[in-house]
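Each chain is listed here by its residues.
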Amino acid sequence: MSGKVYLVGGGPGDPELLTLKAHRILTQADVVLYDRLVGDQIVALIPDNAEALYVGKAKSKHSLPQEDINKLLCEKAAEGKCVVRLKGGDPFIFGRGGEEIEELVDAGVEFEVIPGVTAAAGCAAYAGIPLTHRDYAQSVRFVTGHLKDGSTDLPWNELVHPAQTLVIYMGLTGLAETAEKLVAHGMNKDIPVAVVEKGTTLSQRVFTSNICEINQVVIENEVKSPSLLIIGDVVKLQTRLSWFKP
Ligand code: SAH
């Protein structure tokens, strides 16, 4: 009998943000492949009798190349196992989930995709920053600050837009350049920016500043990955609406 692969979104960190479905499937797994973004408390939910495989993915030093992960998923499913590919946040938002299931489709392996709370939703909620708000932002845009070739070549003109919140995933390394480019393309120098480090976890830290000074704030406070950047007037609400006291 052939097994099945579940591509599961583990959410941004707080284990209680796992969906009931993610939790049920995780606790029934025979094999779990998880990466760096999956928090310890979620890893602790992997059943003792399941094979738990850390497949890494610290930026630029992938501990297991993507092709090997794809191959492993197919092999374990072929052994008839219930295989969980556990990812941080949502598998289809900057999670390469699409690439992994393409391979499964090609190999004829049965699969399901379980969505998760993406970092933008989790960090915004736990930091007290509504991503949209009738007075400040009518749209929100998720972008990655880290492209496949390591550059940060984004459609800058589209990113500088009134009443739009910009959420940048993987934006820490390229932050100085990103901020400079946004200002050069007309972004208001006073636009507020928040950086949320390890959002939704007990180690969460939130720093706010403006687009010109945020990089300095990040350096001074030794902000580390995973961190999410939220740019836009909605950040003005942060002090008033923050509730999570880790
Ligand atoms: N699929 C994931 C995103 C993977 S890309 C999702 O939907 O959330 C990895 C980036 O996500 C990190 O570099 C960081 O920008 C962001 N991220 C993930 N978890 C985070 C967390 N708990 N706090 C802050 N940023 C986080």
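## Let's talk about the packing of aromatic side chains
Aromatic rings considered in pairs are described by the distance between their centres and by the relative angle of their planes. Scanning all chains against the criterion turns up six aromatic pairs. Among the aromatic side chains, those forming a connected cluster through ring pairs are Phe 94, Phe 142 and Tyr 169.

## Some words on the environment of Leu 26
Locating Leu 26 in the fold gives a position in helix α1 (residues 20–27). Sequence spacing of Leu 26 and Ile 129 is 103 residues, and the spatial spacing of their C-alpha atoms is 30 Å. Aside from chain neighbours lying at most four places away, what touches Leu 26 is Val 32, Ile 42, Leu 45, Ile 46, Pro 47, Val 84 and Leu 86.

## Some thoughts on the pattern of salt bridges
Pairing between side chains of opposite charge can happen when the charged atoms of each approach one another. Counted by the stated rule, this structure contains 13 salt bridges. Residue Lys 4 is joined to Glu 112 by a salt bridge in which the shortest nitrogen-to-oxygen separation is 2.8 Å. Here Lys 4 is found in strand β1 (residues 4–9), whereas its partner Glu 112 is found in strand β5 (residues 110–114), with 108 residues between them in sequence. Notably, a salt bridge pairs Lys 87 with Glu 100, separated by 3.3 Å at the nearest N-O pair. With Lys 87 in strand β4 (residues 82–87) and Glu 100 in helix α4 (residues 97–107), the pair connects residues that are 13 residues apart, well separated along the chain.

## Some words on a negative patch on the surface
On the surface, a cluster of negative charge is contributed by Glu 67, Asp 68, Glu 102, Glu 103 and Asp 106. Examining the composition of the negative patch, we find that three residues originate from one element, α4, more than from any other. With respect to the helices and strands, the residue Asp 68 is situated in helix α3 (residues 66–78).

## Description of the sheet that holds β5
The strand order β3-β2-β4-β1-β5 describes an open sheet built from five strands, whose pairing is parallel. On the outer flanks of this sheet lie β3 (51–54) and β5, each paired with one strand and no other. Taking each pair of neighbouring strands and ignoring which way they run, the sheet shows an average axis angle of 15°. Bridge analysis of strand β2 (residues 31–34) against β3 gives four bridges, and the strand direction is parallel. What sits directly across from Leu 33, in β3, is Leu 53.

## Things to note about the domain arrangement of the protein
Each domain of the protein was delimited in the assignment, giving domain 1 (4–114) and domain 2 (119–241). Listed per partner, the contact involves nine residues of domain 1 and 15 residues of domain 2. Across the interface of domain 1 and domain 2, roughly 970 Å² is buried in total on both sides, 66% from carbon and sulfur atoms. Between domain 1 and domain 2 we count zero salt bridges in total. Scanning the region where domain 1 abuts domain 2 turns up three residue pairs in polar contact (both at pLDDT 80 or more). Tallied by class, the residues present in the side of domain 1 that touches domain 2 amount to five nonpolar, one polar and three charged.

## Some details on the site of the ligand
What surrounds the ligand is a group of 18 residues, the closest being Pro 12, Ile 93, Thr 118, Gly 199 and Ser 227. In the environment of the ligand, a nitrogen atom lies 3.1 Å from a nitrogen or oxygen atom belonging to the backbone of Gly 88. Met 170 places a main-chain nitrogen or oxygen 2.8 Å from an oxygen atom of the ligand. Within the residue set of the shell around the ligand, elements represented by two or more residues are α5 (119–127) and β10 (227–231). Classifying every residue of the shell around the ligand by side-chain character gives 11 nonpolar, five polar and two charged.

## Describing α3
Helix length check: α3, at 13 residues, gives a terminal C-alpha distance of 19 Å against a target of 18 Å (1.5 Å per residue), a fit within 8%. Taken together, the buried positions of α3 are occupied by Gln 66, Ile 69, Asn 70, Leu 72, Leu 73, Cys 74, Lys 76 and Ala 77. Contacts made by the buried residues of α3 are with β1, β2, β3, β4 and α4. Within two residues after α3, Gly 80 carries a phi angle of roughly 85°, on the positive side.

Calculation rules
- Residues numbered from 1 in each chain as written.
- Predicted model: local features only at pLDDT ≥ 70, side-chain atom pairs only at ≥ 80, totals over all residues.
- Heavy atoms only, no water.
- Phe/Tyr/Trp six-rings, centres within 6.5 Å; stacked < 30°, edge-to-face > 60°.
- Helix = DSSP H or I, 4+ residues; strand = E, 2+ residues; numbered from the N terminus.
- Contact = heavy atoms within 4.5 Å.
- Salt bridge = Lys/Arg side-chain N within 4 Å of Asp/Glu carboxyl O.
- Patch = residues over 30% accessible without salt bridge, like charges linked within 9 Å, V, L, I, M, F, W, Y side chains within 5 Å.
- Areas by Shrake-Rupley, 256 points an atom, 1.4 Å probe, with all protein chains shown as cover.
- Lys, Arg positive; Asp, Glu negative; His and termini not counted.
- Charge placed at Lys NZ, Arg CZ, Asp CG, Glu CD.
- Pairing = 2+ DSSP bridges.
- Axes fitted to C-alpha atoms, helices over the stretch in contact; angles between N-to-C directions.
- Domains from an automatic or database assignment.
- Buried area = accessible area lost by both parts, 1.4 Å probe.
- Polar contact = N/O pair within 3.5 Å; in protein donor to acceptor, adjacent residues only side chain to side chain.
- Nonpolar A, V, L, I, M, F, W, Y, C, P; charged D, E, K, R; others polar.
- Near = heavy atom within 4 Å.
- Expected span 1.5 Å × (residues − 1).
- Buried < 20%, exposed > 50% of the residue type's maximum accessible area, 1.4 Å probe, protein only.

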